[in-house]
Amino acid sequence: MEFKDYYEIVGVSRDASQDEIKRAYRKLARKYHPDVSKESDAEQRFKELGEAYEVLKDPEKRAAYDQLGKNWKAGQDFHPPPEWDQGFEFHGGGFTGADAENFSDFFESLFGRAGFRQGGGESFHQQFHARGQDTHAKILISLDDAYHGATRAISIKHTELDQHGRPQLKERTLNVQIPKGVRQGQHIRLGKQGAKGIGTGEAGDLYLEVEFQAHPFYQVEGKDVYLKCPLAPWEAMLGTTVKLPTPAGKIDLKIPANSANGKKLRLKGRGIPAREPGDLYAVLEIALPQANDEKSKQAYRDMEKALNFNPRAALGV
Amino acid sequence: MAKQVLKIIHGEILEEEIMLSLAQLCRRSSMSAESILEMMEYGVVEPYQASQDKWLFKGDSVSRLRCAQRLKRDLGVNTAGAALALDLLQEIDGMRRRLRRLEQQLK
């Protein structure tokens with residue numbers, strides 16, 4: 001078992017006052033709260049922080065922890081010295097209550113583990129019924145799947161209690177129907193595919209958070225889809241009709257004359273086919289032919305002569 | 001090795017296709033009606049269609065309620081603070097998505 005340096009986790013020195021510990025904890029709790037933080041290890045950090053604070057906020061537990069000595073380094077192999085907690089009086093008997101099932105083995109070896117499992121036993125399980133927990137996972141789908149709907153096999157890792165009540169990591173594969181019109185950030189609910197219930201309680205639900213794979217030419221925001229439409233200068237200025245791909249098939253798009261670079265043309269209802277369908281935007285992007293041979297250079301010279309054009313007129317020069 | 005044929009599981013989109021009554025919301029969020037009513041007072045969740053005696057909540061109300069509950073428990077904010085944090089988090093999420101789209105477009 002690894003030694004945990006609770007002072008390092010909370011980011012205070014060993015002689016910090018209770019007030020300093022509280023302030024440091026609150027600041028880090030906001031930073032690493034899994035609902036707020038975008039850092040990938042936020043959940044883990046937040047758990048560790050809670051555990052550290054559980055010990056340091058309580059002067060009795062803190063004194064007992066301090067007694068282990070200063071020479072331990074985080075991560076070092078650790079076994080509590082025999083009868084290490086002799087001479088300490090812990091109020092509240094079972095030492096700790098809050099969320100103790102999430103705490104580390106290190107914590108457990110020092111301060112014990114409250115409640116649930118110790119009070120267990122066969123008869124307990126026979127009489128206790130509860131709905132299983134809802135579980136969450138992410139699913140990466142293509143934009144095509146959102147336009148047309150699809151069936152995708154996904155594998156989900158989950159923990160299950162074995163017959164001795166120990167958690168086991170298991171993997172299972174589900175064949176999921178992706179509903180047409182689903183958007184990024186939405187959740188697909190799969191009824192009764194979450195954690196198993198206890199006793200006769202029914203299983204919880206599984207929620208899949210939808211993300212899209214990046215696409216080489218479509219960008220998605222909400223239910224709207226954006227597509228860059230490159231145009232030759234004469235196409236943009238004289239107007240034309242161009243062929244464009246959309247996730248629902250090719251279309252003909254009419255480009256009005258005198259279209260400026262960056263202009264957005266909206267194709268109503270051609271975005272993601274949600275209940276109220278999104279729109280497709282073609283963002284015009286004027287592409288300039290290179291002047292790398294005599295013929296093209298001449299064409300630019302002719303343009304220069306024919307047009308009295310100052311692109312910096314707005315700058316006053 | 002025999003290939004297992006898996007049944008196709010049909011899902012519903014939480015944010016669009018699911019509407020919940022107050023009783024269903026209580027069950028799914030494991031919260032009492034009283035605490036949901038308090039969350040409603042502060043706009044954490046809003047009934048979608050309030051006819052005379054029936055409230056309907058959007059499916060994502062469950063995750064909003066749970067998130068508000070966690071923020072209250074873990075950070076010591078009150079219900080008004082949790083509601084504010086939820087709205088700001090949603091706004092940030094929208095801005096992140098817009099930023100990502102614009103960045104991709106510039107490539």
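Since the structure is predicted, the reported quantities are computational estimates derived from the model, not experimental observations.

Asker: Describe the overall build of chain A, with residues and values.
Answerer: Within chain A, the secondary structure is distributed over 9 helices and 11 strands. Across the 317 residues in chain A, those meeting the buried criterion constitute 23%. Considering only contacts within chain A whose residues lie at least 6 apart along the sequence, 56% involve residues at least 24 apart.

Asker: Help me get a handle on the pairing of strand S7 (residues 224–231) of chain A, residues and values and all.
Answerer: Strand residues, when the strand is regular, have side chains that alternate between the two faces of the sheet. All names here are of chain A. Here strand S6 (residues 218–221) pairs with S7 via 4 bridges, running antiparallel. Directly across from Glu221, in S7, lies its bridge partner Asp224. Where S6 hands over to S7, the hairpin turn is made up of 2 residues, of which Gly222 adopts a positive phi near 60°.

Asker: Run through the packing of helix H4 (residues 61–75) of chain B against helix H5 (residues 79–106) of chain B, naming residues and quoting values.
Answerer: All names here are of chain B. Close contact between H4 and H5 brings their axes to 9 Å; oriented N to C, the two are set at 125°. Relative to H5, the element H4 lies oblique. Read as a crossing pair, H4 and H5 show a hand that is right-handed. Two secondary-structure elements touch here, H4 through Arg64, Cys67, Ala68, Leu71 and Lys72 and H5 through Thr79, Ala82, Ala83, Ala85 and Leu86.

Asker: How would you explain the nonpolar core if you had to name every residue and give the values?
Answerer: Soluble globular proteins tend to bury their nonpolar side chains together. Residue and element names in this part refer to chain A. With 27 residues, the main nonpolar core has Ala146, Val182, Ile188, Leu208, Val225 and Leu227 as its most contacted residues. At the level of secondary structure, the elements contributing two or more residues to this core comprise helix H7 (143–148), strand S3 (167–178), strand S4 (187–190), strand S5 (206–212), S7 and strand S11 (280–286). When residues in this core are grouped by element, the largest group, 5 residues, is from S5. Residue assignment places this core across two domains, with domain 2 (135–212) and domain 3 (218–306) each supplying three or more. The residues contacting Val225, other than those within four sequence positions of it, are Tyr218, Val220, Pro247, Gly271, Ile272, Gly278 and Leu280.

Asker: So what about the sheet that holds S4 of chain A? Which residues, and what values?
Answerer: Strand order across the open sheet formed by 4 strands is S1(A)-S5(A)-S4(A)-S2(B), with mixed pairing between neighbours. Strands at the two margins of the open sheet, each flanked by one partner only, are strand S1 (135–141) of chain A together with strand S2 (12–13) of chain B. Pairing of S4 of chain A with S5 of chain A involves 4 bridges; the strand directions are antiparallel. For His187 of chain A, the partnering residue across the bridge sits in S5 of chain A and is Glu209 of chain A.

Asker: Give a detailed account of the interface of chain B and chain A, specifying residues and quantitative values.
Answerer: Each partner contributes residues to the interface: chain B has 24 residues there, and chain A has 32 residues. Taken together, the elements giving at least two residues each to the side of chain B that touches chain A come down to strand S1 (8–10), S2, helix H1 (14–17), H4 and H5 of chain B. Of the residues that constitute the side of chain B that touches chain A, the class distribution is 10 nonpolar, 4 polar and 10 charged. Strand direction decides the pairing type here: S4 of chain A and S2 of chain B, joined by 2 bridges, are antiparallel.

The rules behind these values
Per chain, residue numbering runs from 1 following the sequence as it is written. Following the order in which they are written, the chains are lettered starting with A and the ligands numbered starting with 1. Local features are withheld for residues below a pLDDT of 70 in this predicted model, meaning they are given only at 70 or higher, and side-chain atom pairs are given and counted only at 80 or more; totals for whole chains, interfaces and linings count all residues. The helix count covers DSSP runs of H or I at least four residues long, the strand count covers runs of E at least two residues long, and both are numbered beginning at the N terminus. Once C-beta atoms are placed from the backbone, each residue is buried if 20 or more other C-beta atoms lie within 10 Å of its own, exposed if 12 or fewer, and partly exposed for counts between those two. Think of it this way: build a C-beta for each residue from its backbone, and any pair within 7 Å is a contact. Strands are labelled as partners when DSSP assigns at least two bridges between them. Where helices are involved, their axes are fitted lines through C-alpha atoms of the stretch in contact, as for all axes, and angles between N-to-C directions lie from 0 to 180°. Small angles under 35 degrees read as roughly parallel and large ones over 145 as roughly antiparallel, with 65 to 115 read as roughly perpendicular and the rest as oblique. Crossings are assigned a handedness: left-handed for a near helix turned anticlockwise from the far helix by less than a right angle, right-handed for a clockwise turn. In plain words, the nonpolar core is the set of buried Ala, Val, Leu, Ile, Met, Phe, Trp, Tyr and Cys residues that C-beta atoms within 7 Å link up. Either an automatic procedure or a domain database provided the assignment from which the domain bounds are taken. Each residue gets one of three labels, nonpolar for Ala, Val, Leu, Ile, Met, Phe, Trp, Tyr, Cys and Pro, charged for Asp, Glu, Lys and Arg, and polar for the others, Gly among them.

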